[in-house]
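The residues making up each chain are set out below.
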Amino acid sequence: MSDNLPSVAILHDRFPQIGGGEKFAIEAARTLDAPIYTMYVYPGTEIPNDVRVVPIKQKKYTRGLSGSLLAWKNEGSNPLETLSVAMDMTDAHPDLTEYNVILESAPLSKHYVPTVDQRIVHYPHSPPRWLYDLYRDRMESFDYSGVRFALKTYAKWWRALDKEANDYVDTFVANSELIRDRIKRYYDRESEVVYPPVTGHWRNEGDDGYFVTWSRLAPEKRMPLIAEAFTELDERLVIAGDGADREKLECIARGHDNIEIRGFVEDIESLVARSTAVIYAPVQEDFGLVGAEALMAGKPLLGVNEGFTKYQVEEGVTGELFEPTIESVRETVRTFDPERYDEDVIRKHAENYSYESFQQGLRDVVARMGTED
């Protein structure tokens, strides 16, 4: 690692919770010894004591009438909040002009307008999916043609705004080969892959006879698909996490003693450590921290055959693939034999997700930016 890093700050959209994007921003701040500037921190979100987070417009987004109008809702689908954060990002915080390099985390941070001599590294996690690869799916979810027309107009305008902001970016960094390909397809820009780090005490402590899955319980994570599959299986399933689909999952689990909805689990590592395998079925996952964590624990991953998840599974070595249907999930679970898998071999495949690899890759990118004229 280079010890001669330029002065650098992290610019992250907002902290509505501690999800994958927020974990990345925190670990980037630790790696680069940099502060995090963010539009706001949602009340109740716990920030680690060893990182400095500077909310730019906390009062606007969390208090009074503006706070009510701009509240983070439904996994971030409040268009007023999204537009407002993007507009506020253009000038962001006056202290940001003092840094040589700005590492932007998440899509809206890209709208920051840098000074002439600043360098911008953008780690988007993904081009906004509702504008690109999930655009048709989102439009089809609205039944009325008038609503669809208005949303298509809004999306077309947003797409132009999103691509305009690419002019401020000096280099893109992708969190997987899948995102590298999306950046090339939708932005026509090259990018370097730096996997986000897997943190936590992931381990294998045996098999207590249950399958486990966890994440935000958002529709794109397809948790109801997995739960429905287990309604006709003798195997146990534990689902951890919270979100919009929790009520639907609890309805599915009702009357099925083999399906347990745990809600948010603080010590998810211990739950995974005693599991038979991890099962995960997200829609076109960008990176798949759940999959990476499963492999770091030496647990087989039963993953959906799409997105980056399919790249994390080498069949018969790190896990099994299934199609995104209830029957395919059932058949995969029925035929799964945990005795075929070696936890040390699985961990070997997870080495690219190590914290050390992340640190090396991120510091190298920032160091190069600091030497460019």
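Look above for the structure.
Here is a short report on the structure shown in this document. Quantities reported herein were computed from a predicted structural model and do not represent experimental measurements.

1. Brief notes about the side chain of Asn175
Summarising the element assignment, Asn175 is placed in the loop between β6 (171-174) and α7 (177-187). A polar atom in the side chain of Asn175 sits 3.4 Å from the backbone oxygen of His125.

2. So, the packing of helix α1 (residues 20-32) against helix α15 (residues 355-371)
Packed helices, taken two at a time, are described by the angle between their axes plus the distance between the axes. In contact at an axis separation of 10 Å, α1 and α15 are set at 70 degrees when each is read in the N-to-C sense. If you check the angle between α1 and α15, you find them roughly perpendicular. The chirality of how α1 crosses α15 is right-handed. Listed contacts from α15 to Phe24, Glu27, Ala28, Arg30, Thr31 and Leu32 of α1 are Tyr355, Phe358, Gln359, Leu362, Arg363 and Val366. Taken together, the residues of the contact of α1 with α15 sort by class into 7 nonpolar, 2 polar and 3 charged.

3. Some remarks on the packing of helix α8 (residues 223-230) against helix α13 (residues 326-335)
For the pair α8 and α13, interaxial distance at closest approach is 8 Å and the crossing angle is 60 degrees. Classified by the interaxial angle, the pair formed by α8 and α13 is oblique. Handedness of the α8/α13 crossing: right-handed. On α13, the residues that touch Leu225, Glu228, Ala229 and Phe230 of α8 are Ile326, Val329, Arg330 and Val333. For the contact of α8 with α13, the residue count by class is 6 nonpolar, no polar and 2 charged.

How each quantity is defined
Residues numbered from 1 in each chain as written. Predicted model: local features only at pLDDT ≥ 70, side-chain atom pairs only at ≥ 80, totals over all residues. Heavy atoms only, no water. Helix = DSSP H or I, 4+ residues; strand = E, 2+ residues; numbered from the N terminus. Polar contact = N/O pair within 3.5 Å; in protein donor to acceptor, adjacent residues only side chain to side chain. Axes fitted to C-alpha atoms, helices over the stretch in contact; angles between N-to-C directions. Parallel < 35°, antiparallel > 145°, perpendicular 65-115°, else oblique. Left-handed = near helix turned anticlockwise from the far one by under 90°. Contact = heavy atoms within 4.5 Å. Nonpolar A, V, L, I, M, F, W, Y, C, P; charged D, E, K, R; others polar.

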